[in-house]
Amino acid sequence: MAEQTSRRELVGELSAEFLGTMILILFGCGVVAQVVAAGIGDHDSIAWAWGLGVTMGVYVAARLSGAHINPAVTVALACFKGFEWKKVGPYIVAQTAGAFVAALLVRWNYTEVLAKTDPGHTIKTQGVFSTLPGNGALPVSELGALRDQVIGTAILVLVIFAITDLLNTPPGANLAPLIIGLLVVAIGMAWGTDAGYAINPARDFGPRLASYITGYGTAWRDQYGNIYFWVPIVGPLVGGVVGAAIYKVFISPYLTGEEEQEPGRIPTPDGEHTD
């Protein structure tokens with residue numbers, strides 16, 4: 001019975017990660033398709049929609065899984081917050097699958113618009129689904145993009161740890177998802193030039209795969225023809241651990257109290273947390 005309960009709980013957690021990440025990508029890739037392919041909106045609308053997508057995804061998944069919806073967050077939690085390593089692989093698969101399915105839906109929904117704007121499904125609209133160095137137009141190297149992804153994801157995870165740590169000053173009234181969404185908006189507005197602020201391996205790889213199997217033959221490469229897909233995977237995974245380590249070294253030792261909260265779990269107004 002205990003084993004069945006444990007298996008059911010894991011299935012629930014993976015379902016939440018799948019759906020939470022799917023919601024994130026529906027908003028994120030959807031807005032980029034609208035801006036790039038249809039010419040409706042601008043950089044700010046992209047930044048806001050990605051941030052709100054994160055907020056909605058966290059609200060969907062938080063109760064069951066803690067709403068990591070990002071392999072970089074999952075790995076950082078395993079390194080520094082006691083998240084079970086045996087769950088890391090399944091969580092990452094669920095997150096990537098959710099991103100993949102969401103990207104397929106965006107690709108399907110925007111079929112006509114993408115075909116009109118870019119009949120050959122080239123690098124011109126590849127950015128709807130996955131990131132490119134310099135947003136596909138500026139002279140940024142792979143190493144420059146890698147550097148950017150490490151720094152951007154370190155900022156993301158460091159601040160997530162701070163926002164959701166009950167020993168710190170977490171937002172009350174279940175507002176943590178909104179604040180995390182605003183964090184992503186800020187990163188998009190300040191750190192989006194060099195590599196499109198993927199800051200999430202599932203967010204990039206899932207849609208990249210979806211675009212590849214639906215006609216984007218250059219999906220794995222950048223505008224220079226170099227193999228690029230590894231950059232928004234390796235950079236965020238490294239950056240997430242770096243950001244978590246910085247928080248644990250510079251902030252955690254100086255906080256006092258009885259309880260520490262796993263990032264992704266939403267603090268409630270009375271100071272308790274959801275399980």
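Reading the values: the criteria
- Residues numbered from 1 in each chain as written.
- Predicted model: local features only at pLDDT ≥ 70, side-chain atom pairs only at ≥ 80, totals over all residues.
- Heavy atoms only, no water.
- Helix = DSSP H or I, 4+ residues; strand = E, 2+ residues; numbered from the N terminus.
- Polar contact = N/O pair within 3.5 Å; in protein donor to acceptor, adjacent residues only side chain to side chain.
- Contact = heavy atoms within 4.5 Å.
- 1 Å grid on protein atoms, 1.4 Å probe; cavity = no way out; pocket = protein on both sides within 12 Å on 5 of 7 lines; lining within 4 Å.
- Points joined across faces, edges and corners; volume = space filled by probe spheres on them.
- Nonpolar A, V, L, I, M, F, W, Y, C, P; charged D, E, K, R; others polar.
- Axes fitted to C-alpha atoms, helices over the stretch in contact; angles between N-to-C directions.
- Parallel < 35°, antiparallel > 145°, perpendicular 65-115°, else oblique.
- Left-handed = near helix turned anticlockwise from the far one by under 90°.

**Overview of the side chain of Gln95**
Working step 1: Tracing the sequence through the fold places Gln95 in helix α4 (residues 85-109).
Working step 2: Within the local environment of Gln95, its side chain forms a polar contact with the side chain of Glu17, the two groups lying 2.8 Å apart.
Working step 3: Leaving out residues up to four positions away in the same chain, Gln95 has contacts with Glu17, Thr21, His68, Ile69, Asn70, Pro71, Thr74 and Ala202.

**What about the layout of surface pockets?**
Working step 1: Within this model, the largest pocket holds a volume of roughly 410 Å³.
Working step 2: Taken together, 22 residues form the lining of the largest pocket, with Val32, Val36, Ile46, Gly127 and Asn135 sitting closest to its centre.
Working step 3: Mapped onto the lining of the largest pocket, the elements with two or more residues apiece are α1 (2-36), α2 (43-65) and α6 (123-126).
Working step 4: Examining the composition of the lining of the largest pocket, we find that four residues originate from one element, α6, more than from any other.
Working step 5: Considering only residue class, the lining of the largest pocket consists of nine nonpolar, 11 polar and two charged.

**Here's the deal with the packing of α2 against helix α8 (residues 176-190)**
Working step 1: One way to put it is that α2 packs onto α8 with a least axis distance of 8 Å and a crossing angle of 150°. Here α2 lies roughly antiparallel to α8, going by the angle between them. For the pair α2 and α8, the sense of crossing is right-handed. Two secondary-structure elements touch here, α2 through His43, Asp44, Ala47, Trp48, Trp50, Gly51, Val54, Thr55, Val58 and Tyr59 and α8 through Pro177, Leu178, Ile180, Gly181, Leu182, Val184, Val185, Gly188 and Met189.
Working step 2: Classifying every residue of the contact of α2 with α8 by side-chain character gives 13 nonpolar, five polar and one charged.

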